[in-house]
Protein chains: 4
Amino acid sequence: MSGGSNEREGKSDKPDKQRAILDAAFSLFGSKGFYETRIAEVAELAGIAKGTVYLYFRNKEELFLAVSRRDCEQFMTQLAARLKREETPAGKLAAIAEHHLLYYYERKQHTKLFFRAPTNHPELMAFMQQFMEAYTNLVQQVLLDADAAEAQLLSQAYIGMLDRLKMDILFDPAFTEADARHRIAFAADLFLRGAESGKYKH
Amino acid sequence: MSGGSNEREGKSDKPDKQRAILDAAFSLFGSKGFYETRIAEVAELAGIAKGTVYLYFRNKEELFLAVSRRDCEQFMTQLAARLKREETPAGKLAAIAEHHLLYYYERKQHTKLFFRAPTNHPELMAFMQQFMEAYTNLVQQVLLDADAAEAQLLSQAYIGMLDRLKMDILFDPAFTEADARHRIAFAADLFLRGAESGKYKH
Amino acid sequence: MSGGSNEREGKSDKPDKQRAILDAAFSLFGSKGFYETRIAEVAELAGIAKGTVYLYFRNKEELFLAVSRRDCEQFMTQLAARLKREETPAGKLAAIAEHHLLYYYERKQHTKLFFRAPTNHPELMAFMQQFMEAYTNLVQQVLLDADAAEAQLLSQAYIGMLDRLKMDILFDPAFTEADARHRIAFAADLFLRGAESGKYKH
Amino acid sequence: MSGGSNEREGKSDKPDKQRAILDAAFSLFGSKGFYETRIAEVAELAGIAKGTVYLYFRNKEELFLAVSRRDCEQFMTQLAARLKREETPAGKLAAIAEHHLLYYYERKQHTKLFFRAPTNHPELMAFMQQFMEAYTNLVQQVLLDADAAEAQLLSQAYIGMLDRLKMDILFDPAFTEADARHRIAFAADLFLRGAESGKYKH
DNA sequence: GATGAATGAGCATTCATTCAT
DNA sequence: CATGAATGAATGCTCATTCAT
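Throughout this description, residue numbers start from 1 for each chain and increase along the sequence as written. Naming scheme: in the order in which they are written, chains are lettered from A and ligands are numbered from 1. Note on the predicted model: pLDDT of at least 70 is required for a residue's local features to be given, and 80 or more for side-chain atom pairs to be given and counted; whole-chain, interface and lining totals, by contrast, use all residues. Water and hydrogen atoms play no part in the side-chain values, which are based on all heavy atoms of the structure.

Draft legend 1. Representation of the overall build of chain A. Looking only at helices and strands, chain A features eight helices and zero strands. Only protein chains enter the accessibility calculation, which uses a 1.4 Å probe. A residue is then buried if its area is under 20% of the maximum for its type, exposed if over 50%, and partly exposed in between. When each of the 202 residues of chain A is scored for burial, the buried share is 51%. Pairs at least 24 residues apart make up 69% of the contacts formed inside chain A by residues separated by at least 6 positions. For accessible areas, the Shrake-Rupley method is used with a probe of radius 1.4 Å. Any residue's cover is judged against the shown protein chains and nothing else. A total accessible area of about 10,100 Å² is found for chain A, and carbon and sulfur atoms account for 50% of it. Each helix is a run of DSSP H or I of at least 4 residues and each strand a run of E of at least 2, with the numbering of both proceeding from the N terminus. Two residues qualify as a contact provided that any one of their heavy atoms is within 4.5 Å of a heavy atom in the partner residue.

Draft legend 2. Focus on the protein's contact with DNA strand F. DNA strand F sits among 31 residues. The nearest are A:Thr52, B:Arg38, B:Tyr54, C:Thr52 and C:Tyr56. Proximity is defined per residue: if any heavy atom of the residue lies within 4 Å of a molecule or strand, that residue is considered near it. Backbone atoms, meaning sugar plus phosphate, form 73% of the atoms of DNA strand F positioned within 4 Å of the protein. The contact in question runs from a phosphate oxygen of DNA strand F to an N or O atom on the side chain of A:Thr52, over 2.5 Å. Among the secondary structure elements, those contributing two or more residues to the surface near DNA strand F are α1 (14-32) and α3 (50-56) of chain A, α3 (50-56) of chain B, α3 (50-56) of chain C together with α3 (50-56) of chain D. A 3.5 Å cut-off defines polar contacts: any pair of N or O atoms within that distance qualifies, except that in protein one atom must be a possible hydrogen donor and the other a possible acceptor, and neighbouring residues in sequence count only when both atoms are side-chain atoms.

Draft legend 3. Spotlight on the protein's contact with DNA strand E. Near DNA strand E there are 31 residues, and of these B:Lys17, B:Thr52, B:Tyr56, C:Arg38 and D:Thr52 occur at the shortest range. Taking all atoms of DNA strand E within 4 Å of the protein, the share assigned to sugar and phosphate is 71%. Contacts to DNA strand E include B:Gly51, whose backbone N or O atom sits 3.4 Å from a base nitrogen. Interatomic distance of 3.2 Å between a side-chain N/O atom of D:Lys17 and a phosphate oxygen of DNA strand E. Under the grouping applied here, Gly and all other residues not named as nonpolar or charged are polar, the nonpolar ones being Ala, Val, Leu, Ile, Met, Phe, Trp, Tyr, Cys and Pro and the charged ones Asp, Glu, Lys and Arg. Grouping the amino acids of the surface near DNA strand E by side-chain chemistry returns 12 nonpolar, eight polar and 11 charged.

Draft legend 4. Quick look at the packing of helix α4 (residues 60-84) of chain D against helix α6 (residues 122-145) of chain D. Residue and element names in this part refer to chain D. Here an angle of 0 to 180 degrees is reported between the N-to-C directions of two axes, which are lines fitted to C-alpha atoms, with helices fitted over the stretch in contact. Following both chains from N to C, one finds α4 and α6 inclined at 5°, their axes separated by 10 Å at the closest point. Taken as axis vectors, α4 and α6 run roughly parallel relative to one another. Between α4 and α6, the residues in contact are Glu 62, Phe 64, Leu 65, Ser 68, Arg 69, Cys 72, Phe 75, Met 76, Leu 79 and Leu 83 and Glu 123, Leu 124, Phe 127, Phe 131, Ala 134, Tyr 135, Leu 138 and Val 142, respectively. Note that the term roughly parallel is reserved for angles under 35 degrees, roughly antiparallel for angles over 145, roughly perpendicular for angles of 65 to 115, and oblique for everything else.

Draft legend 5. Structural detail: the packing of helix α1 (residues 14-32) of chain D against helix α2 (residues 39-46) of chain D. All names here are of chain D. Taken N-terminus to C-terminus, the directions of α1 and α2 make an angle of 130°; their axes are 8 Å apart at the nearest point. Overall, the two elements α1 and α2 adopt an arrangement that is oblique. Crossing handedness for the pair α1 and α2: right-handed. Counting all contacts with α1, which are made through Ala 20, Ile 21, Ala 24, Ala 25, Ser 27, Leu 28 and Lys 32, the residues of α2 involved are Glu 41, Val 42, Leu 45 and Ala 46. Among the residues forming the contact of α1 with α2, the class breakdown is eight nonpolar, one polar and two charged. Handedness of a crossing is defined here by the sense of rotation of the near helix relative to the far one, left-handed for an anticlockwise turn of less than a right angle and right-handed for a clockwise turn.

Draft legend 6. Broad picture of the interface of chain A and chain B. On the side of chain B, 46 residues touch chain A, which itself brings 45 residues to the contact. Note: buried area is the sum, over both parts, of the accessible area (probe 1.4 Å) each one loses when the two are combined. For the pairing of chain A and chain B, the buried interface totals around 4,100 Å² over both sides, and the portion due to carbon and sulfur atoms is 58%. Any carboxyl oxygen of Asp or Glu that lies within 4 Å of a side-chain nitrogen of Lys or Arg is treated as forming a salt bridge with it. Here B:Asp163 ties to A:Arg164 by a salt bridge, and the two come within 3.5 Å at their closest N and O atoms. Only α1, α6 (122-145), α7 (151-171) and α8 (177-193) of chain A provide two or more residues apiece to the side of chain A that touches chain B. Looking at the side of chain A that touches chain B, the element that brings in the most residues is α7(A), giving 12 residues.

Draft legend 7. Inspection of helix α8 (residues 177-193) of chain B at higher detail. Taking 1.5 Å per residue as the helical rise, α8(B) with its 17 residues ought to reach 24 Å, and the 24 Å between its terminal C-alpha atoms agrees with that figure. Looking at the packing, one finds that the buried side of α8(B) touches α7 and α8 of chain A together with α5 (89-105), α6 (122-145) and α7 (151-171) of chain B. Once α8(B) finishes, B:Gly194 follows within two positions and takes phi at roughly 85°, a positive value. An expected span of 1.5 Å times one less than the residue number is assigned to each helix.

Draft legend 8. Structural view of the packing of aromatic side chains. Centres within 6.5 Å are what make two rings of Phe, Tyr or Trp a pair, Trp counting through its six-membered ring; a difference in plane orientation under 30 degrees is then read as stacked, over 60 as edge-to-face, and the rest as tilted. A complete count under the given rule lists 50 aromatic pairs over all chains for this structure. When the ring of B:Phe34 is compared with that of B:Phe64, the centres are 5.3 Å apart and the planes differ by 90°; the resulting orientation is edge-to-face. Taken together, the residues span a long stretch of sequence, with B:Phe34 in the loop between α1 (14-32) and α2 (39-46) and B:Phe64 in helix α4 (residues 60-84) at a distance of 30 residues. Under the relative-accessibility criterion, B:Phe64 is labelled buried at 1%. Between D:Tyr158 and D:Phe191, the ring centres sit 4.4 Å apart and the planes meet at 35°, which makes this aromatic pair tilted. With D:Tyr158 in helix α7 (residues 151-171) and D:Phe191 in helix α8 (residues 177-193), this residue pair connects regions lying 33 residues apart in the sequence. We note that D:Tyr158, like D:Phe191, is buried. Aromatic ring contacts, followed pair by pair, group A:Phe29, A:Phe34, A:Tyr35, A:Phe64, B:Phe29, B:Phe34, B:Tyr35 and B:Phe64 into a single cluster.

Draft legend 9. Structural view of the interface of chain D and chain C. Taken together, the contact pairs 45 residues of chain D with 46 residues of chain C. Interface area for chain D against chain C, summed over the two sides, is near 4,200 Å², with a carbon-plus-sulfur share of 59%. At the junction of chain D with chain C, the criterion picks out four salt bridges. Along the contact surface separating chain D from chain C lie 16 residue pairs in polar contact (both at pLDDT 80 or more). Put simply, the parts of the chain that give the side of chain D that touches chain C at least two residues each are α1, α6, α7 and α8 of chain D. Here the side of chain D that touches chain C takes 12 residues from α7(D), the largest share from any one element. Its residues placed into classes, the side of chain D that touches chain C shows 21 nonpolar, 10 polar and 14 charged.

Draft legend 10. Highlighting the UniProt feature "DNA-binding region" (unreviewed entry) in chain A. UniProt positions are given in the numbering used here, feature names are shortened, and annotations may be inferred rather than shown by experiment. In the numbering adopted here, UniProt assigns the feature "DNA-binding region" (unreviewed entry) to residues 38-57 of chain A. The span residues 38-57 of chain A shows a helical share of 75% and a strand share of 0%, and its end C-alpha atoms are spaced 14 Å apart.

Draft legend 11. Structural detail: the pattern of salt bridges. Under the definition given, this model contains 54 salt bridges over all chains. With a shortest N-O distance of 2.8 Å, B:Glu41 and B:Lys32 are connected by a salt bridge. Overall, the relative accessible area of 26% leaves B:Glu41 in the partly exposed class. Overall, B:Lys32 belongs to the partly exposed group, its relative accessible area being 26%. A salt bridge links D:Arg38 to D:Glu36; its shortest N-O distance comes to 3.6 Å. What you see here is one network of salt bridges that share partners, running through A:Arg82, A:Glu86, A:Glu98, A:Glu177 and A:Arg181.

Okay, structure coming up:
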């Protein structure tokens, strides 16, 4: 008998429920931030009971951490995959810009995630730093492959640039995908050629 | 000397106390964020009673707003003053980088301020947006004076770059003023000439 | 006996707990008034935790409203039932007097209830007025059945009379049921025949 | 020199200020009740500083007591004076009704006074009881002068009747003086002749 | 006397977390 | 495993009262 679909509703609900909680938490933490999100709301949105959340996550901080982790990992995994399709450093940098902007554009609704996290939770702080480092390192590697000096600072600068250019997605409801794509091209070009390049002279 | 009724502590302590509260709140909000800061702590650090805080600020949100406002205004005022001393666009851009990095460097302890603010409070959200706009506009003006196209995006990109380059100040306790100055020069140069300029080639 | 899943404490404790809270609140609101009663006291007297009160009632005002509502409804229901046992208008009026005085006599301890309620809460004010109207209407109907003119004013006057005659129950600890019964007869007679009737002439 | 009006603004401001506080407190306690009235509001309405209230009254309860005392005394004094103008018991009873209703009618705005007082303050409770006794005694005396039996109960009943008939003044904004006068006549007649008198038969 | 800034005890309410069912 | 009723620590805010000026 293949599958065994009648043995208590599939092999196990655990992953399903865990995922439902993470999805709900992502949506709520993302749109309202850590402190304004109630565990009860997460449970309701996930379609389970409040207590059940605690079967999967030790506490609110851990849940936030798990949500962040999953999101960051996804961000990084997708980016890594995207980068494999590019060969030139310039192509890779453009791909990074594209990924950074579009990833958030697709998540318009809930992108406050990286903003409001509890400052006390050391594990969480450590994770956020790790993620930033991993992202920075990835960009840095692209630059190192192109034999750039100051690769780390360049990497930080590029990410910062992208992050600010992304900001309007949050605040401007009229922001379109075309706007996003314009900014992608802009960022990649500015980073490589600088503001003094002919492009920005009238 | 006859009279001297305002010799001892100035005519009124009101500004003094208001300032003490703002200072305390700046320090705590800045280091622990809005939600992790207790009004009682602010009062204690300010050396006054809990209730006194409410003589000067309607509630916790208003206090946070006032703190943010004072800090942002100071940032902008000092920056505007600094810019007057520069004549060339390049000089001004360098001054902006210097101001951005050193302003936060001098406030190492409490610069999480712009991070965790309550998402609810509309007045506060509006203010934060206004500040970002004002800062962006100021940089934009420098670029427009230099006849740059896409001045707004350039401005956002530059600020984003600076903001990320500033980040390590927060997390790296060993960050020195020399590090800051190095990043200042780096940012200004990268922004103008781009990563492809000879400088970053090995 | 097999099954018996609802043997121990009934199917659900919810009504029990709700009732326990209402009882505790009735006792405390009744004896100390709205403002002097602490939610913590209500919880303690009900044998539950503070927070539990809020699972059953949105806030202190709602709890007070619920207490008042239950008491008034009980008063009215019992009165209506009592009136059915009487046939003549005079019998009904006597029954009203009896009910009014004895109802409060049995609740000696906590009958300040109708006195101090928050003037703010509009819903509460509206309810109190409604109750007075319902009570007045009921008495009025008895009078209308007896073809009385000015039934509404008569009704108000009668209720007022009873209410004041009840007052000593609150303040005089030595007040006996016999005292109550004397006043009942007195009120009914006075209302019908007036002070000039031979009864009150020496 | 008569008067001496330039010696520091009259002989003394004390009575003036005391009266201003009492007036303000009467108005506020009367319209909002004890608990909803803030000392700061009283001071503001009286045109003085908060602290000054405490130069004249030990605390909030004492102020409430003083306000009640002044009002009750005025009520009793005026009533006593009014009664002197009447000779017959019937005339006196009518005068009592008139005084009770019109006194409150003239104070439409603030007649919640006797309602919400703090239950704890023993002195205040004692005073309220004393006032009720004094009022009852006065009415009782009128009845005793007419050789009535059960004068005390009659007195309580009459007062209760008047008090309820007065109630609509509070709740019905359209209540006119004519309404008041109608009720006055009604109350006096009902009390003397009873509901069974021909008057209330259709 | 008069002021009003300062105080701090006091309380309603919230919500993460637990645990008996 | 799942539930959700119950818990109670934690905190923002109010306001009567005091007292230095």
